[in-house]
Amino acid sequence: MKYYSTNKKVVGETLEAAVVKGLAADGGLFMPETIKTLPASFFDEIANLSFQEIAYRVADAFFGEDIPSETLKNIVKDTLNFDIPIVEVKENIYSLELFHGPTLAFKDVGARFMARLLGYFIQKGDAGRVNVLVATSGDTGSAVANGFWNVDGIRVFVLYPKGKVSEIQEKQFTTLGCNITAIEVDGTFDDCQALVKRAFMDEELNKNLKLTSANSINIARFLPQAFYYFYAYAQMKRLGHADNLVVCVPSGNFGNLTAGLFAKRMGLPVKRFIAANNRNDIFLQYLRTGKYMPRPSIATIANAMDVGAPSNFARIMDLYGGSHSAISAEISGKAYDDNQIREIIRTTYEDTNYLLDPHGACAYGALCDMLLPAENGVFLETAHPAKFCQTVERIIGKEVEIPGKLAAFMRGEKQAVPLSKDFTDFKSYLMRL
Ligand SMILES: *Cc1c(COP(=O)(O)O)cnc(C)c1O
């Protein structure tokens, strides 16, 4: 399979080049040349298949031409060593619990897959030593750091905004050591993302170091997120609730939602999508006005969605040929401020005993507000509520139990390199390596 850039100046890249480069040389995001549709027989039998079997069929459609089938099977199997169950919250509304992986957020799926795929290319001996740069508003850093920890030939630099991630999130990527370095940037998430983007575009840096991205701009992190949309459908089919399926995704950089749109393009019977936002509602404004107007991000209690310039918007535009009407026909949107998010968490817990995290709360709220009578709704619960325990405990007035996996991180000691948000500082740090 060949990959082209959303800026259209780069075409015909190999999978390996796309994964190792992360961002295309023209500044665009890589897209696969074709999105294969899966046969009707696959959807007929999907309810009888395991998650790993389903994921392999989807992975094969994208990567089968480039990776030997046994290797790809193993990568899928190693990546998905945890379940992603569907849980009924109330009538017609189901939670797809994406938080059962090692760092308790959905990004474990993409990060674990990408680490293994990159590891395969390095082992083959053509990729050399690779430096992964990743900007995080919280959960990406932990998923990537844990997914790549101790993988030979890869060094990871996690850039995060000082004082703007929760203590638990911070501990998950600052305590690992080994090939993982945390960089504490005196700025916002957008500043971190801008530093990473500039580093990829910097000629001198790229001459000295092989740099790649593990943000959802990287095709190897983004595409595997399609796996669980198929698995969600399979589980809904088992429950007899797969008709008129509406999927609601709490969105920041829109990698997760875009993977769902790819799944639909591959034939997955999803009727429509809802993009849930916090106050950073750039996409919702685009749906309303047809104008894409990025703006500085605002800090909210759903901090992994505090994104002012969603990077995967370029992929959505490309997928729909830039047509606002085609995009609005398949995706609608809704946004919630912090008080509304708190209210959703509190009332849902009181009414159903289901504890939402602040991100899942946006999606649950949007689904409840927008689901039509004959529809079945699934929302993506993207993180475990205990990752935001201080926020959540204040809302429900009760202690939240911390899962053992999370408690283990809290015992580690934070180590981070402090840097300003100036690119020159970041560049000279990298040049000194
Ligand atoms: C990253 C993240 C999101 C946003 O996902 P995108 O793919 O960037 O849209 C939502 N919820 C949680 C918990 C996250 O970590």
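Scroll up for the structure.
Please read these numbers as outputs of a predicted model, since none were measured by experiment. (Residues numbered from 1 in each chain as written. Predicted model: local features only at pLDDT ≥ 70, side-chain atom pairs only at ≥ 80, totals over all residues. Heavy atoms only, no water.)

(A) View of the pattern of salt bridges. Using the criterion set out here, one finds 16 salt bridges in the structure. Close ionic contact of Lys124 with Glu16 constitutes a salt bridge, the shortest N to O distance being 3.9 Å. Pair noted here: Lys124 is in helix H5 (residues 107–124) and Glu16 is in helix H1 (residues 15–21), with a separation of 108 residues, a long-range link. A salt bridge links Lys414 to Glu170; its shortest N-O distance comes to 3.0 Å. One end of the pair, Lys414, is in the loop between helix H19 (404–410) and strand S13 (417–419); the other, Glu170, is in helix H7 (residues 167–174), and 244 residues separate them in sequence. Its relative accessible area of 15% is what places Glu170 among the buried residues. Linked through salt bridges whose partners overlap, the residues forming this network are Glu170, Glu184 and Lys414. (Salt bridge = Lys/Arg side-chain N within 4 Å of Asp/Glu carboxyl O. Helix = DSSP H or I, 4+ residues; strand = E, 2+ residues; numbered from the N terminus. Buried < 20%, exposed > 50% of the residue type's maximum accessible area, 1.4 Å probe, protein only.)

(B) Structural detail: the packing of aromatic side chains. Throughout the structure, instances matching the rule amount to 21 aromatic pairs. Residues Tyr120 and Phe121 carry aromatic rings whose centres are separated by 5.4 Å and whose planes lie at 50 degrees to one another, so their mutual orientation is tilted. Accessibility assignment for this pair places Tyr120 and Phe121 in one class, buried. Summarising the aromatic geometry, the rings of Tyr286 and Phe313 are spaced 4.9 Å apart at their centres and angled 80 degrees between planes, so their arrangement reads as edge-to-face. You can see Tyr286 sitting in helix H13 (residues 282–289) and its partner Phe313 sitting in helix H14 (residues 313–319), a full 27 residues away along the chain. Residues Tyr286 and Phe313 agree in their burial class; the two are buried. The structure contains a cluster of three or more aromatic residues connected by ring pairs, namely Phe62, Phe63, Phe113, Phe222, Phe227 and Phe262. Geometry around Phe222 places Arg315 over its ring, the cationic atom sitting 4.4 Å from the centre. (Phe/Tyr/Trp six-rings, centres within 6.5 Å; stacked < 30°, edge-to-face > 60°. Lys NZ or Arg CZ within 6 Å of the ring centre and 35° of its normal.)

(C) Representation of the state of the cysteines in the model. Scanning all chains against the criterion turns up zero disulfides. Of all cysteine sulfurs, the one in Cys362 lies closest to Cys248, which takes part in no disulfide; the gap is 9.0 Å. The buried category is assigned to Cys362, whose relative accessible area is 0%. (Disulfide = S-S within 2.5 Å.)

(D) Molecular detail of the nonpolar core. Membership of the largest hydrophobic core comes to 105 residues, with the highest contact counts inside it found for Phe63, Leu118, Phe148, Tyr228, Tyr229, Phe230 and Phe283. Residues within four places of Phe283 in sequence aside, it is in contact with Phe254, Ala275, Asn277, Phe313, Ile316, Ile327 and Ile331. (Core = buried A, V, L, I, M, F, W, Y, C linked by side-chain atoms within 4.5 Å. Contact = heavy atoms within 4.5 Å.)

(E) Molecular detail of the packing of helix H3 (residues 51–63) against helix H4 (residues 69–79). It is the contact of H3 with H4, at a shortest axis distance of 9 Å, that shows an interaxial angle of 130 degrees. Considering their axes alone, H3 and H4 lie oblique with respect to each other. Where H3 crosses over H4, the two elements pack in a sense that is right-handed. Listed contacts from H4 to Gln52, Ala55, Tyr56, Ala59, Asp60 and Phe63 of H3 are Ser69, Leu72, Lys73, Val76 and Lys77. Each residue belonging to the contact of H3 with H4 can be placed in one class, and the counts come to six nonpolar, two polar and three charged. (Axes fitted to C-alpha atoms, helices over the stretch in contact; angles between N-to-C directions. Parallel < 35°, antiparallel > 145°, perpendicular 65-115°, else oblique. Left-handed = near helix turned anticlockwise from the far one by under 90°. Nonpolar A, V, L, I, M, F, W, Y, C, P; charged D, E, K, R; others polar.)

(F) Examining the sheet that holds strand S8 (residues 211–213) more closely. Spatial ordering of the open sheet is given by S8-S5-S6-S7-S13, a layout of five strands whose pairing is parallel. Each end of this open sheet is capped by a strand with a single partner; those strands are S8 and S13. On average, adjacent strands in this sheet sit at an angle of 30 degrees to one another, irrespective of strand direction. Sheet topology places strand S6 (residues 154–161) next to strand S7 (residues 180–185); six bridges connect them, and they run parallel. (Pairing = 2+ DSSP bridges.)

(G) Looking closely at the pairing of strand S3 (residues 86–90). Sheet topology places S3 next to strand S4 (residues 93–97); four bridges connect them, and they run antiparallel. In the strand pairing of S4, Lys90 is matched with Ile93.

(H) A look at the side chain of Gln172. Mapped onto the secondary structure, Gln172 falls in helix H7. Taking relative accessible area as the criterion, Gln172 reaches 0% and is therefore assigned buried. In contact with Gln172, other than residues within four places in its own chain, are Thr103, Ser142, Ala145, Asn146, Lys387, Leu406 and Phe409.

(I) Examining H5 more closely. Relative to the 26 Å expected for 18 residues at 1.5 Å per residue, H5 spans 26 Å between its end C-alpha atoms, a close match to the ideal helical length. A large share of H5 lies buried, amounting to 15 of its 18 residues. (Expected span 1.5 Å × (residues − 1).)

(J) The site of the ligand, seen in detail. The ligand sits among 15 residues. The nearest are Lys107, Asp139, Gly252, Phe254 and Thr382. Backbone polar atom of Asn253 to an oxygen atom of the ligand: 2.8 Å apart, as the coordinates give it. Within the side chain of Thr382, an N or O atom sits 2.8 Å from a nitrogen atom of the ligand. Within the complex, 98% of the 390 Å² of free accessible area of the ligand lies under protein. (Near = heavy atom within 4 Å. Polar contact = N/O pair within 3.5 Å; in protein donor to acceptor, adjacent residues only side chain to side chain. Areas by Shrake-Rupley, 256 points an atom, 1.4 Å probe, with all protein chains shown as cover.)

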